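A structural walkthrough
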Amino acid sequence: MAFKFVALLALIAAASAGVLPAAQVYHAAPVATYAAPAPAAVLKTVAHPVLAKADEEYDPHPQYKYAYDVQDALSGDSKSQVEERDGDVVRGEYSLVDSDGFKRTVQYTADPINGFNAVVNREPLVKTVVKTAAPVAPVYAAYHH
């Protein structure tokens, strides 16, 4: 008898914890009513269907081109970008100056077959010049007493 009691309590605990599926209860959405400024008037909300864009607005072969260039001597900001789209193919390039003094240039393409691909190049803005000096001959001083 004790085993049946423990099994019944375990079943009740499992049902209340949500382990066992319970019947779903669905309720209708509440209707919102708002009191208008006049105390006697009541305004009820009515759901309107969402209208989709008309089919004639669909462009089966979208195209665009844009570019910009920023060269600000005061702040040192230097960046540019060029991008164009022809149907499902996007090509572009952008460049900027990183905080470590390197110019980063990224060339990218995106299309449905190859996905997004980018090639990143970094080059220093200041070219380092290495000078080789001629060897210095040792200097001997004469010491007299």
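The sections below set out a description of the structure shown in this document. (Residues numbered from 1 in each chain as written. Predicted model: local features only at pLDDT ≥ 70, side-chain atom pairs only at ≥ 80, totals over all residues. Heavy atoms only, no water.)

1. A few points about the overall build of the protein chain
Heads up, the rule is: Note on conventions: DSSP H or I runs of at least 4 residues are helices, E runs of at least 2 residues are strands, and numbering of each starts at the N terminus. We call two residues contacting when some pair of their heavy atoms lies within 4.5 Å. Accessible surface area values rest on a Shrake-Rupley calculation with a 1.4 Å probe, where residue burial reflects the displayed protein chains alone.
A tally of regular secondary structure across the protein chain gives one helix and seven strands. Along the chain direction, N to C, the helices and strands of the protein chain fall in the order α-β-β-β-β-β-β-β. Restricting to contacts in the protein chain with at least 6 residues of sequence separation, those with at least 24 account for 10%. Surface summary for the protein chain: the accessible area is close to 13400 Å², and the carbon and sulfur share equals 62%.

2. A word on the packing of aromatic side chains
Here is the rule: We call Phe, Tyr and Trp rings a pair once their centres come within 6.5 Å, taking the six-membered ring for Trp, and we label the pair stacked below 30 degrees between planes, edge-to-face above 60, and tilted otherwise. Partly exposed residues are those whose accessible area sits between 20% and 50% of the maximum for their type, while under 20% is buried and over 50% is exposed, using a 1.4 Å probe and protein chains only.
Scanning the model with the defined rule gives three aromatic pairs in all. Between the aromatic rings of Tyr-64 and Tyr-66, the centroid separation amounts to 6.2 Å while the plane-to-plane angle is 20°, which identifies the pairing as stacked. Its relative accessible area of 34% is what places Tyr-64 among the partly exposed residues. Ring centres of Tyr-94 and Tyr-108 lie 6.3 Å apart, and the angle between their planes is 50°; on these two criteria the pair is classed as tilted. Of this pair, Tyr-94 sits in strand 5 (residues 89-97) while Tyr-108 sits in strand 6 (residues 102-111), and the two are 14 residues apart along the sequence. Among the aromatic side chains, those forming a connected cluster through ring pairs are Tyr-94, Tyr-108 and Phe-116.

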